[in-house]
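In case you want the letters, here they are:
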Amino acid sequence: MNILVILLDGLVYSSWLFIVSTGLTLIYGVMRILNMAHGSMYAIGAYTAATIVGIYFNHGFVPWGSYFFFISGAMFAGIIAGLLIERGILRIMYGSDEVIMILVTYAILLILEDVIKFIWGVEGYFAYQPYTYLGRSHIFGISFTNYDLYLIIVAAIIGVILWLWLNKTRFGKLLIAVINDQEISVAMGINVTKVYIITFAIGCMLGALAGGLTAPGISIVPGMGIQIIIVAFAVVVIGGLGSIGGALIGSLLVGMARAFAVHLFPQIELFVIYGVMALVLAIRPHGLFVRAKVRKI
Amino acid sequence: MDKKTHMILLCCLLLILIGNFIFPKWLTFLFNISLAKAFIVLGLVILMRVGLVSFGQGLYYCIGGYVAGICQKFFGINDFFMILLIGIFISLIVSFLLGLLLCNYRDIFFAMFTLAFSMILYGIIVKTETLGSTDGFNVKLPTYFTISSSFATGKFLILLITILIAYFVIIYIRKFFNSELGYISLSTKENEIRVEYLGISPKIVIFINYSLAAILATVGGALTAFVSGHVDPDMAYWTTSGEFVFVALLGGTMHVIAPFIASILFEFIHMYAYDISPNTWQIILGSILLLIIIFLPRGLWSIGEIFRKKEVKDASNS
């Protein structure tokens, strides 16, 4: 087996993991909420994209135009769902323990799982047209779908935009102030509530975007959010919760480990993701990119 | 435990036992399975008293179930007590090794680390064809010191054994809660550094509590396997562990009996919700979880506490 094929396959999977996990780590970094409902955002994004693709191609519009509609549709659905969750439930829970917040978002995940079934039913959805439209390429004698290869570029673009947004804009600077000291930020006149709302909405949007981008390549079925969230957890915990750079390294580690496992030792495919997670946690208890906190009495 | 509580406990357990002859079969099964699962929940409550939430208690639940199945299928061991001892021994080794590592972790890192371990076991079992892969395999009813029984008596015996174990576990875990170590566990939750200043290692406290929770989960897993007659890798999947966390929160950590009541309640809600409307089961579960967290953060048991306080208040006012 050509090692380059494994690397490329790993890179495709890593890109996907990065898109899935950035929103999760962003929300944790700012709000200290490990958002389990991120899995539902992924599912909502995927279902929305599939619905839009279905309507679009039924009307016989030009195929290349569909990309704009299904991607922006998924993002929009993510923002709306994020705002509803933040304003409806999380708002009253701020200040609770981190573990309590996990349980709150776990409850939201459970509720949304059934809400999704109510809206879209329990039958599987397919939105293959955008996936097959881009064709295939032969690299090192192995056939890759172009859609998957473009995913690498999309992940890079998302990474760069996030970096610019966090480091080069006024809002990014406010965000860093809030991350470092929420009380002082309030005293300095920063509207922390607004920062929270925007961060949560953008985090959810990224989750839904990940779902939307994945939708054309898979069959969309109930329960997909529950499967995804656990992999996303592994990625962000490996990199260090709250670190975008960490999410990138975590995605690459998990993506490559999985690709090697799938190609060389298929028996350990599932084991390897959590194996890497346990190994990293054992060596660096707070993940690769986060320093341990000083204990306070 | 005072005499009154003791009598109530005995009566409840006896009622379930006698109920075996009066109630329909499904109801007895429901009681039996909820009592078996309550052991895992009790383990979680023990961990919650030290301030830790495990999202991977399914690991030991699954070990308990699969040890029972493997003993029967591959080694021809069918004796209940032998299987239980082997299960406890294995879970002690696993919890000893993992506990050494996990006692350094707190909060979400503890939750995530325990989750990773249970998912590792899930990943291994799913890919092992000799263990039935994703389908799992069937488990027979056990024998007791080579005494085998018919199916109906076997079902009764497993109920009897579950009730007996539940009785002793409740008595001894209650004693543990009221022992020095039990109180230190509570203080570790409140403030670890102060406990350390008093000359006690919080890590050892966590280690002991973790191992205890692991043993309870293993016992629960083995009992569940015998009662339901089947094991599958979903026992180690994170949603199973999540369900146990839910039941633990439902009961609260205030009394050792709370997990048992919560477990029975949970199985009833589960059954009726599935029966009436299978697609709204998770909405019901999620909504109850939210309501409990917001309004009853100390679990259903605290309802009694609220009423008692009200009575005291009324009495002092009058």
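Residues numbered from 1 in each chain as written. Chains lettered and ligands numbered in written order. Predicted model: local features only at pLDDT ≥ 70, side-chain atom pairs only at ≥ 80, totals over all residues.

Notes on the overall build of chain A
Helix and strand counts for chain A stand at twelve helices and four strands. Taking 19 Å as the expected radius of gyration for a compact globule of 297 residues, we find that chain A reaches 19 Å, a close match to that expectation. Dimensions along the principal axes, computed over C-alpha positions, put chain A at roughly 60 × 45 × 35 Å. Relative to its full complement of 297 residues, chain A shows a buried share of 49%. The contacts in chain A between residues at least 6 apart in sequence include a share of 78% that link residues at least 24 apart. (Helix = DSSP H or I, 4+ residues; strand = E, 2+ residues; numbered from the N terminus. Rg over C-alpha atoms; globule rule 2.2 N^0.38 Å. Buried ≥ 20, exposed ≤ 12 C-beta atoms within 10 Å, placed from the backbone. Contact = placed C-beta atoms within 7 Å.)

Points about the overall build of chain B
Across its full length, chain B holds 13 helices and two strands. Relative to its length of 318 residues, chain B is compact, with a C-alpha radius of gyration of 20 Å against a globular reference of 20 Å. If you line up chain B on its principal axes, its C-alpha atoms span 65 × 45 × 40 Å. Counting across all 318 residues of chain B, residues that qualify as buried make up 44%. The contacts of chain B with a sequence gap of at least 6 include a subset with a gap of at least 24, amounting to 79%.

Section: the interface of chain B and chain A
Each side of the interface is counted separately: chain B has 34 residues, and chain A has 33 residues. When residues of the side of chain B that touches chain A are traced back to their parent elements, those giving at least two are helix 5 (107-126), helix 10 (238-251) and helix 12 (281-295) of chain B. In terms of residue count, the dominant contributor to the side of chain B that touches chain A is helix 5 of chain B (13 residues). For the side of chain B that touches chain A, the class distribution of residues is 23 nonpolar, nine polar and two charged. (Nonpolar A, V, L, I, M, F, W, Y, C, P; charged D, E, K, R; others polar.)

Digging into the packing of helix 2 (residues 25-49) of chain B against helix 9 (residues 202-228) of chain B
Residues and elements named next belong to chain B. As a packed pair, helix 2 and helix 9 sit with axes 8 Å apart at the nearest point and diverge in direction by 170°. On the basis of the axis angle, helix 2 is roughly antiparallel to helix 9. Where helix 2 crosses over helix 9, the two elements pack in a sense that is left-handed. Along its contact with helix 2, which presents N32, I33, A36, K37, F39, I40, L42, G43, L44, I46 and L47, the element helix 9 presents N209, Y210, L212, A213, L216, A217, V219, G220, L223, T224, V227 and S228. (Axes fitted to C-alpha atoms, helices over the stretch in contact; angles between N-to-C directions. Parallel < 35°, antiparallel > 145°, perpendicular 65-115°, else oblique. Left-handed = near helix turned anticlockwise from the far one by under 90°.)

Some thoughts on the pairing of strand 3 (residues 142-145) of chain A
All names here are of chain A. Two strands pair when backbone bridges link them, and strand 2 (residues 136-139) and strand 3 are joined in this way by four bridges, in the antiparallel orientation. What sits directly across from I139, in strand 3, is I142. Between strand 2 and strand 3, which pair antiparallel in sequence order, lie two residues; one of them, F140, sits at a positive phi of approximately 50°. (Pairing = 2+ DSSP bridges.)

Observations regarding the nonpolar core
The biggest cluster of nonpolar side chains holds 194 residues, and the ones touching the most others in it are A208, L209, A234 and M277 of chain A together with V41, L44 and A116 of chain B. Apart from the residues lying within four places of it in its own chain, the contact partners of A116 of chain B are Y274, M277, A278 and L281 of chain A. (Core = buried A, V, L, I, M, F, W, Y, C linked by C-beta atoms within 7 Å.)

Looking at the environment of L241 of chain A
All names here are of chain A. Inspection of the secondary structure assignment puts L241 in the loop between helix 10 (224-239) and helix 11 (244-264). Owing to 24 C-beta atoms within 10 Å, L241 belongs among the buried residues under this scheme. Along the primary structure L241 and L34 are separated by 207 residues, whereas in three dimensions their C-alpha atoms are 8.5 Å apart. Discounting chain neighbours no more than four positions away, the residues touching L241 are T25, Y28, L34, V236, G287 and V290.

A short note on the confidence of the model for chain A
The predicted model of chain A averages 85 in pLDDT, with 97% of residues at 70 or higher. Here helix 5 (residues 129-133) of chain A is the element of chain A with the lowest mean pLDDT, 77, and helix 9 (residues 192-214) of chain A is the one with the highest, 91. (pLDDT = per-residue confidence, 0-100.)

Concerning the packing of helix 2 (residues 38-58) of chain A against helix 10 of chain A
All names here are of chain A. At their nearest, the axes of helix 2 and helix 10 sit 7 Å apart, and the two run at 130° to each other. Between helix 2 and helix 10, the interaxial angle falls into the category oblique. Considering how the two elements wind past one another, helix 2 and helix 10 form a crossing that is right-handed. Within the contact between the two elements, helix 2 uses H38, G39, S40, Y42, A43 and A46 and helix 10 uses M224, G225, I226, I228, I229 and A232. A breakdown of the residues in the contact of helix 2 with helix 10 according to their chemical character gives eight nonpolar, four polar and no charged.

Brief notes about the environment of A225 of chain B
Residue and element names in this part refer to chain B. Mapping A225 onto the fold places it in helix 9. C-beta crowding within 10 Å serves as the criterion here: with 29 such atoms nearby, A225 is assigned to the buried category. With 164 residues separating them along the chain, A225 and Y61 place their C-alpha atoms 9.5 Å apart. Not counting residues up to four positions away in its chain, the partners in contact with A225 are G65, A68, G69, V139 and V231.

What about the environment of M82 of chain B?
Along the chain, M82 of chain B turns up in helix 4 (residues 80-102). For M82 of chain B and Y144 of chain B, which are 62 residues apart along the polypeptide, the C-alpha to C-alpha distance reads 9.1 Å.

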